[in-house]
Amino acid sequence: MPQVRPGSSRLRILVPILLLAASGCAYYNTFYLARRYYKDAQKEQDRSVSDETSVGAKTKYDQVVRQCTKVLAEYPKSKWADDATYLMGASLYGKGDYNQSIRRLDELEAKFPKSPFVPEARLVKGLAHYRRKDYDTADSIFQAMDTAYPKFSRRWEVYYYEGESQFAQKDYSAALGWYRRAIPVASGRRQKADALHRAGDALFESDRMDSAQLVYGQALKEEERPKQRVDVILRRAEALRALKRYSEALTFLNTWRSNAIAENRDGDLLLRVYELEALLGRPNDALKGYQDLVERNSGTNVAYESQFQIGYLYETALGDLDRAGREYDKLRTSVGSNNVFAQQASRRAQSLATVKQFEQALAADTTGARARTAFRLAEVLYFELGKTDSAITQYRQVEALYPKSVYAPKSAYARLWITSFERKDTLAAMQLTDSIAQRYHGTRYAESALYLWKQWSGRNDTRTVLLDSLMAHPDTSGAAAYAEEGEAPPPVAGLTPATSTPDSTYQVNPEIQRQ
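Residues numbered from 1 in each chain as written. Predicted model: local features only at pLDDT ≥ 70, side-chain atom pairs only at ≥ 80, totals over all residues. Heavy atoms only, no water.

### Regarding the overall build of the protein
Scanning the protein from terminus to terminus reveals 25 helices and zero strands. For the protein, buried positions account for 46% of its 515 residues. Residue pairs in contact within the protein that sit at least 24 positions apart in sequence constitute 52% of those at least 6 positions apart. Carbon together with sulfur atoms contributes 50% to the accessible area of the protein, which is approximately 27,400 Å² in total. (Helix = DSSP H or I, 4+ residues; strand = E, 2+ residues; numbered from the N terminus. Buried < 20%, exposed > 50% of the residue type's maximum accessible area, 1.4 Å probe, protein only. Contact = heavy atoms within 4.5 Å. Areas by Shrake-Rupley, 256 points an atom, 1.4 Å probe, with all protein chains shown as cover.)

Shown next, in the form of structure tokens:
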């Protein structure tokens, strides 16, 4: 029988305990590092001015993933296994690996259905689906969480990002409802400012400009971050401009200009200031301001936009089309064709050249040529230059000067389309429909006007009754008077009889009409 040294039995008991404690300590240190790295990554991202994951944050998230992988590989049954699984999934989300994040968080719910991290995991999964633009799945997760976890500590994120998902889908009314729910549960001024800012954006996109500018004002009181504060300032000014409260917008921008200067965004603010100067009837002051921006911001988008606006002012406010063309050419020749302002300048310069050619062609010998050119001039003014009032005036001239030409009913129909779809003037559209139906009865132009009224108004009235009658019993008694030589227009959906099909050359492209 071997000799037992004093204390040897106690040592045999103590060694396993020490080994267990050592392994537990090593395990806890590994998990502790993972948690610390995760907090550091979040702090690093909070300091970033961009929504994109910063390099520093991404490095920290990588360290979290490594530590958690080690924990789950060496201690898969420990009490912190669900913590490590969640931290890994959340870190994968943080670094932008959304697919792997979703996979890990699904694993958490499958292996640890009673874990306290399940609500957090579902939130992060919803965020990952939102970032992937899988809006239907994100919506289902966020809305289910709203029902299942009414006291969830991160409700602000649920409400705010469900608002973001709805906004991305252009359901601005639904988005507004979620942003409004996010405001009272915000945990600080930053979250409250974000929710207010986006509520203002939803109102802006819904064309509720007065409410939008009020909400932007509330956001401005909460916003402490310099960059985001300037964003709100510019947005509120745009809402005031849309309301045609030009003087108020101008005063507001000048009051907050120091904030834009501090963020090196004075040019962005002054672009709006000079636009307001022009809208207030001071085009020369605006021109001087734009020219100064061109000189002080050479080679930047501020300079390019300013140069474009110089050409635009000469074109629209001062009526000097030749000078406008020269100013547009400065931009076209100094900037590459990929620049958006150079592209706009090129299109407008070409359109101005076309207008000039059409004006010269109006001196042609035949009435038919003059009518066609006058009509096409109106088309250029409306579709290419966006000058609605000038286009309507030109269409009226075509009807007045060339009443027997085929372009007279075409011009009348064009005015009806603008009155209906752009100006949404029901009474004027009604009167113009009656006028076309009476003046051009027995032609396809009358039928087209009645058809447009039916489609646009959605009404059943004397006009739609007349259209139904013409569809059943086509009247071509006046067709010869407005026949266009060499044109055989294709049929239009909804008007089946070939004899009553409207002339496609004066119909707006269906895709444009849908827009």
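### Description of unusual backbone geometry
Of note in the backbone geometry, Lys 133 takes a positive phi value of approximately 65° without being a glycine. Relative to the elements of secondary structure, Lys 133 occurs in the loop between helix 5 (118-131) and helix 6 (135-148).

### Thoughts on the side chain of Lys 387
Mapped onto the fold, Lys 387 is located in the loop between helix 19 (367-384) and helix 20 (388-401). The contacts of Lys 387, once residues within four sequence positions are left out, are Glu 315, Thr 316, Leu 321, Arg 348, Leu 381 and Tyr 382.

### Some words on helix 4 (residues 98-111)
End to end, helix 4 covers 20 Å across 14 residues, agreeing with the expected 20 Å (1.5 Å per residue, within 8%). The complete set of buried residues in helix 4 reads Ser 101, Ile 102, Arg 104, Leu 105, Glu 107, Leu 108 and Glu 109. Elements in contact with the buried residues of helix 4: helix 2 (55-74), helix 3 (81-94) and helix 5. (Expected span 1.5 Å × (residues − 1).)

### A look at the packing of helix 17 (residues 321-334) against helix 18 (residues 340-361)
With their axes 9 Å apart at the nearest point, helix 17 and helix 18 run at an angle of 150° to one another. By the angle between their directions, the pair helix 17 and helix 18 is classed as roughly antiparallel. In this structure, helix 17 meets helix 18 at a crossing whose hand is left-handed. Here Leu 321, Asp 322, Ala 324, Gly 325, Tyr 328, Asp 329, Leu 331 and Arg 332 of helix 17 come into contact with helix 18, specifically with Phe 341, Ala 342, Ala 345, Ser 346, Arg 348, Ala 349, Leu 352 and Lys 356. Taken together, the residues of the contact of helix 17 with helix 18 break down into nine nonpolar, two polar and five charged. (Axes fitted to C-alpha atoms, helices over the stretch in contact; angles between N-to-C directions. Parallel < 35°, antiparallel > 145°, perpendicular 65-115°, else oblique. Left-handed = near helix turned anticlockwise from the far one by under 90°. Nonpolar A, V, L, I, M, F, W, Y, C, P; charged D, E, K, R; others polar.)

### As for the nonpolar core
Residues Tyr 86, Leu 253 and Leu 331 are the most contacted members of the largest nonpolar core, which totals 131 residues. When neighbours within four sequence positions are excluded, Leu 253 is seen to be in contact with Ile 233, Leu 234, Ala 237, Leu 269, Arg 272, Val 273 and Leu 276. Counting residues in hydrophobic clusters, the runner-up holds six residues, among them Ala 437, Leu 450, Tyr 451 and Leu 470. (Core = buried A, V, L, I, M, F, W, Y, C linked by side-chain atoms within 4.5 Å.)

### Some points on the pattern of salt bridges
Counted according to the given criterion, the structure contains 40 salt bridges. A salt bridge links Arg 332 to Asp 329; the nearest nitrogen and oxygen atoms lie 2.1 Å apart. Highlighted residues: Arg 332 and Asp 329, both in helix 17, separated by three residues, approximately one helical turn. A relative accessible area of 29% means that Asp 329 is categorised as partly exposed. Beyond isolated ion pairs, a larger network of salt bridges with shared partners links Glu 164, Arg 198, Asp 201, Glu 205, Arg 235, Glu 238 and Arg 272. (Salt bridge = Lys/Arg side-chain N within 4 Å of Asp/Glu carboxyl O.)

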